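Listed below, chain by chain, are the residues.
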Amino acid sequence: QKEVEQDPGPLSVPEGAIVSLNCTYSNSAFQYFMWYRQYSRKGPELLMYTYSSGNKEDGRFTAQVDKSSKYISLFIRDSQPSDSATYLCASYAGGTSYGKLTFGQGTILTVHP
Amino acid sequence: EPEVTQTPSHQVTQMGQEVILRCVPISNHLYFYWYRQILGQKVEFLVSFYNNEISEKSEIFDDQFSVERPDGSNFTLKIRSTKLEDSAMYFCATPPTRGTDTQYFGPGTRLTVL
């Protein structure tokens, strides 16, 4: 079983739509959860970071973590064509796995005008 | 976002040759990580490096790979004898502060092995 699973899409939405991106994970030890955005052949760019369960909001982006169901979500409000990219979820446990990020496959998002 | 630079941006090499990929992370930082991403696949952890020692490595990081911090600022990943399957993007990453709650990634080095 893959530790972090993510639907690769592709996902295509019209400009202004609310986008929901999701991941599931299997490792109960994961406590830190991140979302990265990646453009083609570029480095992942950190969007959001959360610790344990709960919500975090930053502008048009909201990250949610539900540890009871091992479910991670990223919501993008008022999506823009510039949001078109691959979105990666990542997790790590801390402790002896300090800093070792485990990534999902990435979801390809296209926002069309 | 703090800057992490990597050189070269693209490296082409022949199979069996040695390559050295370089990363200049946030200065005075103790934690460094290398990841790789084969085209179309997920980002995979290679190795973490803390205070000039490897703290954790993945199964991918075999004897062909090594990491060093040769001069206190640059951070290098060496592949001794490259294989075709080593072709990938290689990213270094560091936390933004002395904590390790998050990681910022460099722009990557695209390695092509012919």
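Preceding this section is the structure that the text describes.
Presented here is an overview of the structure given in this document. (Residues numbered from 1 in each chain as written. Chains lettered and ligands numbered in written order. Predicted model: local features only at pLDDT ≥ 70, side-chain atom pairs only at ≥ 80, totals over all residues. Heavy atoms only, no water.)

Residues and elements named next belong to chain A. Along the chain, Asp 58 falls in strand β6 (residues 54–58). Expressed as a C-alpha distance, the spacing of Asp 58 and Ile 76, which sit 18 residues apart in the sequence, is 9.9 Å. Those residues in contact with Asp 58, other than ones at most four positions away along the chain, are Leu 47 and Met 48. (Helix = DSSP H or I, 4+ residues; strand = E, 2+ residues; numbered from the N terminus. Contact = heavy atoms within 4.5 Å.)

With that settled, consider the state of the cysteines. Residue and element names in this part refer to chain A. Summed over all chains, the structure comprises two disulfides over all chains. In this model, Cys 23 is linked to Cys 89 through a disulfide, with the two sulfur atoms separated by 1.9 Å. Disulfide Cys 23-Cys 89: the torsion about the S-S bond is -100°, which places it as left-handed. In this pair, Cys 23 sits in strand β3 (residues 19–25) while Cys 89 sits in strand β9 (residues 85–92), placing the two residues 66 residues apart along the sequence. (Disulfide = S-S within 2.5 Å.)

With that settled, the discussion passes to the pattern of salt bridges. Residues and elements named next belong to chain A. All chains considered together, the criterion is met by five salt bridges over all chains. In this structure, the salt-bridge partner of Arg 77 is Glu 57, at a minimum N-O distance of 3.4 Å. Separated by 20 residues along the polypeptide, Arg 77 in the loop between β8 (71–76) and β9 and Glu 57 in strand β6 bring together distant segments of the chain. Given the relative accessible area of 30%, Arg 77 is considered partly exposed. The exposed category is assigned to Glu 57, whose relative accessible area is 58%. (Salt bridge = Lys/Arg side-chain N within 4 Å of Asp/Glu carboxyl O. Buried < 20%, exposed > 50% of the residue type's maximum accessible area, 1.4 Å probe, protein only.)

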